[in-house]
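# Descriptive structure summary
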Amino acid sequence: MMNSIEKSNGLQFHYYFRDSSHSINSLLRNECEKELLYIFKEISETLGLQLELETLPAEEGGFKETWKFLGKNSAQISLVVAIAAIVISRFPIENKELTSLQIENLKLDNELKRKELEKLNLEFLQDDDEISQETLIDSVEIVNKNYKVSWRKSNLYKKLNNYQKVDYIDVLRLQDEKPVGTPRKVAKNEFSKFILQSDNLPKLVLENVKIDVISPAIKRGKFRWKGFYDNSIINFIMDDYDFSNKVINGQIHFSNRYSIEVEMDQERKINQDGNIIVTNSTVSKVNASIEGETRIEY
């Protein structure tokens, strides 16, 4: 049986500088802390655990940021602290873009996530329960499917990489402000391994989806149509030449009950809040139109 992890209820993020100073740029400090706090938040939310944080006074020795984790019980807190230490300091194998697994789980499929979490029973951990290394590994695997964790971590190391004063950082678990285990160190020349090259995501290819047409483009050119899809209003380019010609030549008449079944590509990116937004939608093929009870295939 695997060993259990040590109890911990705090985490220290230690900046080491090239000089002997103990000060840090205020804006950088705030920006880095914001990314770290979001990482903690995403970890706890992904695992369905409720935690709060307290910030302890900053310390010298380079510059040390310390957070105390508060929650339902010590077992849950120890797990989140251990995951955070691993996630922050261990660079991914595929480190230049979001992995295909993260892309497929952009919103973490609720049913899949529920089944994975049920196996771990994290919600029912008791104060005196021990957390096995196996549970820690499985929990890290679930957290790593959350694209926001990788994206926030990329933001963190991008900011650190641009700050010339930092030589390296380390992450240390604490129990009532006393060290637990050994610090996990990341050198400056390794920062780039955490940084994503782009906030753009691979194109999403949608097959035979339904769009309720709000307004068509009835003139030639790359004018955008407006429709209702996936509970949102979208503007899209109609790239089906044959269907466009039928519209422009007056062969198709629209009503407020007109829908089309289409093949559609969507370009996406991550915005500054870490959310997925669609930047462009293009219909490559119209498979059918529906008006009331009438369906016409093309």
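The structure we're discussing is the one just above.
Note that the structure is predicted; figures quoted are calculated from it, not measured.

One finds Phe-13, Tyr-15, Leu-47, Ile-88, Tyr-157, Leu-160 and Ile-169 to be the most contacted residues of the largest nonpolar core, which totals 50 residues. Ranked by residue count, the leading element in this core is helix H2 (residues 74–89), at twelve residues. Those residues in contact with Tyr-157 that lie beyond four places of it in its chain are Ile-88, Ser-89, Ile-169, Val-186, Phe-191, Phe-194 and Ile-195. Counting residues in hydrophobic clusters, the runner-up holds 19 residues, among them Val-209, Val-213, Ile-252 and Ile-260.

Let us look at the sheet that holds strand E4 (residues 166–175). The antiparallel open sheet is built from five strands, whose spatial order is E2-E3-E1-E4-E5. Strands at the two margins of the open sheet, each flanked by one partner only, are strand E2 (51–60) and strand E5 (178–187). Direction aside, the axes of adjacent strands within the sheet are offset by 20° on average. As defined by bridge partners, strand E1 (residues 10–17) adjoins E4 across eight bridges and the pair is classed as antiparallel.

Looking at the secondary structure, you find Gln-266 in strand E9 (residues 258–270). The class for Gln-266 is buried, based on a relative accessible area of 6%. Looking at Gln-266, its side chain comes within polar contact range of the side chain of Ser-281, at 3.1 Å. Leaving out residues up to four positions away in the same chain, Gln-266 has contacts with Lys-203, Leu-204, Leu-206, Tyr-229, Val-278, Asn-280 and Ser-281.

Any aromatic ring pair is given by two values, namely how distant the centres are and how the planes are angled relative to each other. Applying the stated criterion to the full structure yields twelve aromatic pairs. Relative to Trp-67, the ring of Phe-40 has its centre 5.4 Å away and its plane inclined at 70°; by these criteria the two rings are edge-to-face. In this pair, Phe-40 is assigned in helix H1 (residues 26–46) and Trp-67 in strand E3 (residues 63–71), connecting sequence segments 27 residues apart. Residue classification places Phe-40 among the buried residues on the basis of a relative accessible area of 3%. These aromatic residues form a ring-pair network of at least three members: Trp-225, Phe-236, Phe-243, Phe-254, Tyr-258 and Tyr-298. Above the plane of the ring of Phe-17 lies Lys-165, whose end atom (NZ or CZ) is 4.7 Å from the centre.

Judged from the two bridges that link them, strand E8 (residues 232–238) and strand E10 (residues 276–291) form a sheet pairing that is parallel. Its bridge partner lying in E10, Met-238 is registered against Val-283. Here E9 runs beside E10; their pairing, made up of 13 bridges, is antiparallel. Each residue of the ladder has a partner; that of Glu-261, found in E10, is Ala-288. Between E9 and E10, which pair antiparallel and follow one another directly, the connecting turn spans five residues, one of which, Gly-274, has a positive phi of 85°. In the sheet, E10 pairs with strand E11 (residues 294–297) via four bridges, with the strands oriented antiparallel. Of the residues in E11, the one forming a bridge with Ala-288 is Glu-297. Two successive antiparallel strands, E10 and E11, enclose a turn made up of two residues, where Gly-292 displays a positive phi of approximately 65°.

Take helix H6 (residues 147–161) next. Helix length check: H6 (15 residues) gives 21 Å between terminal C-alpha atoms against 21 Å at 1.5 Å per residue, within 8%. Burial analysis of H6 places twelve of its 15 residues in the buried class, the great majority of the element. Inspection of H6 places Tyr-147, Lys-148, Val-149, Ser-150, Trp-151, Arg-152, Lys-153, Ser-154, Asn-155, Leu-156, Tyr-157 and Leu-160 among the buried residues, and these make up the whole buried set. Between a side-chain oxygen at the N-terminus of H6 and the backbone nitrogen of Lys-148 the separation is 2.9 Å; the capping residue is Asn-146.

Parameters and conventions
Residues numbered from 1 in each chain as written. Predicted model: local features only at pLDDT ≥ 70, side-chain atom pairs only at ≥ 80, totals over all residues. Heavy atoms only, no water. Core = buried A, V, L, I, M, F, W, Y, C linked by side-chain atoms within 4.5 Å. Buried < 20%, exposed > 50% of the residue type's maximum accessible area, 1.4 Å probe, protein only. Helix = DSSP H or I, 4+ residues; strand = E, 2+ residues; numbered from the N terminus. Contact = heavy atoms within 4.5 Å. Pairing = 2+ DSSP bridges. Axes fitted to C-alpha atoms, helices over the stretch in contact; angles between N-to-C directions. Polar contact = N/O pair within 3.5 Å; in protein donor to acceptor, adjacent residues only side chain to side chain. Phe/Tyr/Trp six-rings, centres within 6.5 Å; stacked < 30°, edge-to-face > 60°. Lys NZ or Arg CZ within 6 Å of the ring centre and 35° of its normal. Expected span 1.5 Å × (residues − 1).

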